[in-house]
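# Structural features, examined
Here is how the chains run, residue by residue.
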Amino acid sequence: MSFTNSRFTFLLFAVLLLSSFKTREITWVAIGDSITYLNDHTNETGNRVSKGYLTRVVEHFNNLHYINKGYNGWTSGNIAQQIDSLGLVKADIYTIFLGTNDWWQGRPLGNLKDYIKNKGNKSVYASFRIIINKIRTLNPQAKIVLITPMQRADFVYINDPKNNSYGSYKAKNGQYLESFANAIDSIDHYEHIPVIDLYHNPALSFNKLVNFKRLKDPATGQYVNYQYPEAAKIPFNPSNDDYPYPKKAIGLTYDGLHPSDKGNSIIAAEVVKTFSQLGLPITYK
């Protein structure tokens with residue numbers, strides 16, 4: 001064999017050897033509500049969001065891709081009820097980012113015993129048990145990460161102002177949103193799985209969610225930029241009033257509930273930090 005052929009054979013062997021050690025692709029299934037869904041439907045944000053948190057996370061890694069299983073308006077109860085028809089696949093990482101719709105729709109929170117005893121889909125605790133059980137049937141070795149809901153200001157849907165709700169400063173059905181965040185955290189402690197606590201993250205504090213809410217002064221009829229708590233005392237009429245969150249009002253959310261680019265960036269940073277601690281062969285760019 002000539003020197004040239006020997007050199008070629010050696011180089012070919014080296015290339016094949018290196019390729020055999022190529023880091024495998026890591027699959028992430030993101031289960032959630034509209035905050036997750038909007039990652040792939042930024043046009044539905046009035047183009048106020050350029051990139052959601054899922055896209056921002058995978059941009060940090062070489063070998064991570066996501067499957068978006070976010071559903072507009074869904075609760076953990078909806079996910080649990082439809083769990084076998086969602087097309088969930090075997091993955092390396094599953095995140096569960098739910099709770100804000102459970103709170104607003106007045107679902108009973110239940111207690112940790114509902115989770116431990118797997119009491120069906122009657123409470124938020126029990127719904128999470130159904131979801132986690134399904135994940136473990138798909139891949140018992142999968143890494144599961146829970147994400148609590150973040151705080152929320154008064155929400156007004158940009159595409160239909162008649163779809164609106166008050167913020168987490170007030171109870172709904174006798175329950176505060178913080179209780180839902182604490183419940184998710186308690187599941188984490190019971191299961192010894194990671195949790196990303198967005199609700200208590202100071203970078204996502206309530207006073208940063210929106211810069212103001214533009215409402216009519218009840219006395220003069222003139223528009224004024226109100227901040228909380230004054231904004232919560234001024235009525236909003238979706239039939240006659242302008243949309244209350246112009247672009248200058250955008251803070252960490254663009255509508256009081258859904259994260260803006262700034263909000264998504266903070267969420268993504270927390271997810272990246274947690275993923276890097278899971279012990280999986282994920283490589284940074």
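Above this note sits the structure.
Residues numbered from 1 in each chain as written. Predicted model: local features only at pLDDT ≥ 70, side-chain atom pairs only at ≥ 80, totals over all residues. Heavy atoms only, no water.

The geometry of helix 7 (residues 124–138) relative to helix 8 (residues 177–191) is characterised by a closest axis approach of 11 Å and an angle of 45° between their N-to-C directions. It follows from the interaxial angle that helix 7 and helix 8 lie oblique. By crossing handedness, the relation of helix 7 to helix 8 is classed as right-handed. The segment helix 7 lies against helix 8, with Val124, Tyr125, Phe128, Ile132 and Arg136 engaging Phe180, Ala183, Ile184, Ser186, Ile187 and Glu191. A class-by-class count of the residues in the contact of helix 7 with helix 8 yields eight nonpolar, one polar and two charged. (Axes fitted to C-alpha atoms, helices over the stretch in contact; angles between N-to-C directions. Helix = DSSP H or I, 4+ residues; strand = E, 2+ residues; numbered from the N terminus. Parallel < 35°, antiparallel > 145°, perpendicular 65-115°, else oblique. Left-handed = near helix turned anticlockwise from the far one by under 90°. Contact = heavy atoms within 4.5 Å. Nonpolar A, V, L, I, M, F, W, Y, C, P; charged D, E, K, R; others polar.)

Under the 1.5 Å per step criterion, the end-to-end length of helix 10 (residues 261–275) is 21 Å for 15 residues, consistent within 8% with the ideal 21 Å. Among the residues making up helix 10, those that are buried are Gly263, Asn264, Ile267, Ala268, Val271, Val272, Thr274 and Phe275. Angular distribution of buried residues about the axis of helix 10 spans 165°; they occupy a single face of the element. As for helix 10, its buried residues are in contact with strand 1 (26–32), helix 3 (53–58), strand 2 (64–70), strand 3 (93–97), strand 4 (143–147) and strand 7 (195–196). (Expected span 1.5 Å × (residues − 1). Buried < 20%, exposed > 50% of the residue type's maximum accessible area, 1.4 Å probe, protein only. Arc of directions from axis to C-beta.)

This paragraph deals with the sheet that holds strand 2. The strand order 2-1-3-4-7 describes an open sheet built from five strands, whose pairing is parallel. Edge positions in the open sheet fall to strand 2 and strand 7, since each of these has one partner strand only. On the sheet, helix 7 packs against strand 1, strand 3 and strand 4 and is oriented at approximately 170° with respect to strand 3. (Pairing = 2+ DSSP bridges.)

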